[in-house]
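Read off the chains here:
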Amino acid sequence: MAVEINRRYCKGCGICVELCPKSVLVLDEIGKSTVKNPDACIYCGQCELRCPDYAITVVKPVKKEEKA
Amino acid sequence: MSESVGKFLRQSALPHIWCPGCGNGIIMRSVVRAIEKIGLDQRKTVIVSGIGCSSRSSGYMNFNTVHTAHGRALTFATGIKLARPELNVIVMTGDGDCTAIGGNHFIHSARRNIDLTTVIFNNGIYGMTGGQYSPLTPFSAKATTAPYGNLERNFDIAQLAIAAGATYVARGTAYHAQMLVDLVVKAIENKGFSVVDVISQCPVYYGRKNKMGSAGKMLLWQRDHALPVQAADKLEPEKRQGKFLIGELHKSEAPEYTAEYEKLIEAAKGKGDGQ
Ligand SMILES: Cc1ncc(C[n+]2csc(CCOP(=O)(O)OP(=O)(O)O)c2C)c(N)n1
Ligand code: SF4
């Protein structure tokens, strides 16, 4: 998963949901951030940068060429 | 969670106590990233804070930390720096802590140009005690103690710092978290009194009272009202209306207090002639 969310740290402020340019994240039924559209993620890191609770890690996928 | 957060924050103390959407966590991360970027020795770095929500930051930061009395962070920091000038001393303080009860310490620290870095978590309110207005609450903004709007004009704390003698003064925001890292780096590197005024959001008191919406909307407000200094120079005055400047606002050279004090000690010791 490109965007990892630590549910223990997330307080559901919604900053990541509002600032994600690609609508990757939503708040779930108990109000915590969760990844809804993983394929839309462009790894810009906006959510991680401004998560006040250090609950988000954006993991960039390793490109095929780099793997070799 | 980035590496700097993992290494420089006390994991056992997390998650922190700040409200959902509070800017304090964003600012604290930018400060630890700045420390990491410069490569300061954890054991030679001291974080000093006063009292307030923002001042709780010292408890989360994995350095030598001192959580002091309301308004007095700079006094403790001054003592630490004078006793051990080789230490890097960083002060984390709220707008109330720094500019109301601690206002006098602030101007005199600037006047002395003592080598301290002061990061002001400027949410324009006393968060911890329930949203009373502070000397940085904008004119006409609402607070629990100003339900009809604040009659007092706010300080421009950056201008006050410059006038009082600070040798590095910058302003950032929680929204511009990346830029904030660089401003804090320069503030720490300056050998003298450095101030970084960080416009932040308290969605619970300031935001709610002033109908600013969610924490995300408050961050976007910061984005839309901040004017980088380089861009501001090229704009007509009308276009600057209602905006505030961000970036490096001031840099100057002046004798640094602890260095001068060391010199005086050496001079007073004499040249070992026993006189
Ligand atoms: C001597 C003293 N006076 C008053 C208080 C009550 N008090 C605690 S925090 C605070 C203001 C905090 O505001 P600020 O520094 O802006 O920090 P924030 O909570 O907004 O981060 C006050 C007045 C106190 N703790 N000690
Ligand atoms: S009261 Fe305001 S400043 Fe204090 S933790 Fe909550 S949001 Fe932050």
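Here, the structure is the one placed above.
Q: An account of helix α8 (residues 177–189) of chain B is requested, with residue identities and associated values reported.
A: For α8(B), spanning 13 residues, the distance from its first C-alpha to its last is 19 Å, which sits close to the expected 18 Å at 1.5 Å a residue. Burial in α8(B) covers these residues: Ala177(B), Leu180(B), Val181(B), Leu183(B), Val184(B), Val185(B), Ala187(B) and Ile188(B).

Q: Provide a residue-level description of the interface of chain A and chain B, including the pertinent values.
A: Listed per partner, the contact involves 16 residues of chain A and 29 residues of chain B. When chain A packs against chain B, the two sides together hide about 1900 Å² of surface, and 57% of this comes from carbon and sulfur. On the chain A side of the interface with chain B, the three residues burying the most area are Lys11(A), Leu49(A) and Tyr54(A), jointly 37% of the side's total. Applying the counting criterion to the chain A and chain B interface returns zero salt bridges. Taken together, the links from chain A to chain B amount to 11 residue pairs in polar contact (both at pLDDT 80 or more). For the side of chain A that touches chain B, the elements supplying multiple residues, two or more each, are α1 (15–19), α2 (46–50) and β4 (56–58) of chain A. Residue composition of the side of chain A that touches chain B, by class: nine nonpolar, one polar and six charged.

Q: Please set out the sheet that holds strand β7 (residues 226–228) of chain B residue by residue, giving values where relevant.
A: As a general point, the strands of a sheet are linked pairwise by backbone hydrogen bonds and lie either parallel or antiparallel. Residue and element names in this part refer to chain B. The strand order β2-β1-β3-β4-β6-β5-β8-β7 describes an open sheet built from eight strands, whose pairing is mixed. Both edges of this open sheet fall to β2 (64–67) and β7, since each of them pairs with a single strand only. Within this sheet the neighbouring strands show an average axis-to-axis angle of 20°, counted without direction. In the sheet, strand β4 (residues 117–122) pairs with strand β6 (residues 194–199) via six bridges, with the strands oriented parallel. What sits directly across from Asn 122, in β6, is Ile 199.

Q: Would you mind going over the environment of Gly6(B) in detail, with residue names and values included?
A: Among the structural elements, Gly6(B) can be located in helix α1 (residues 3–8). In this structure, the C-alpha to C-alpha distance between Gly6(B) and Glu253(B), residues 247 residues apart in sequence, is 36 Å.

Q: So, the packing of aromatic side chains: which residues are in play, and what are the values?
A: With the rule as written, the count across this model stands at five aromatic pairs over all chains. Between the aromatic rings of Phe8(B) and Phe63(B), the centroid separation amounts to 5.4 Å while the plane-to-plane angle is 10°, which identifies the pairing as stacked. Remark: Phe63(B) occurs in the loop between α3 (57–60) and β2 and Phe8(B) occurs in helix α1; sequence separation between them is 55 residues. Cation over ring: Arg50(A) sits above Tyr175(B), and NZ or CZ is 3.9 Å from the ring centre. A cation sits over an aromatic face here: Arg112(B) above Tyr257(B), 6.0 Å from the ring centre.

Quick notes on the rules
Residues numbered from 1 in each chain as written. Chains lettered and ligands numbered in written order. Predicted model: local features only at pLDDT ≥ 70, side-chain atom pairs only at ≥ 80, totals over all residues. Heavy atoms only, no water. Helix = DSSP H or I, 4+ residues; strand = E, 2+ residues; numbered from the N terminus. Expected span 1.5 Å × (residues − 1). Buried < 20%, exposed > 50% of the residue type's maximum accessible area, 1.4 Å probe, protein only. Contact = heavy atoms within 4.5 Å. Buried area = accessible area lost by both parts, 1.4 Å probe. Salt bridge = Lys/Arg side-chain N within 4 Å of Asp/Glu carboxyl O. Polar contact = N/O pair within 3.5 Å; in protein donor to acceptor, adjacent residues only side chain to side chain. Nonpolar A, V, L, I, M, F, W, Y, C, P; charged D, E, K, R; others polar. Pairing = 2+ DSSP bridges. Axes fitted to C-alpha atoms, helices over the stretch in contact; angles between N-to-C directions. Phe/Tyr/Trp six-rings, centres within 6.5 Å; stacked < 30°, edge-to-face > 60°. Lys NZ or Arg CZ within 6 Å of the ring centre and 35° of its normal.

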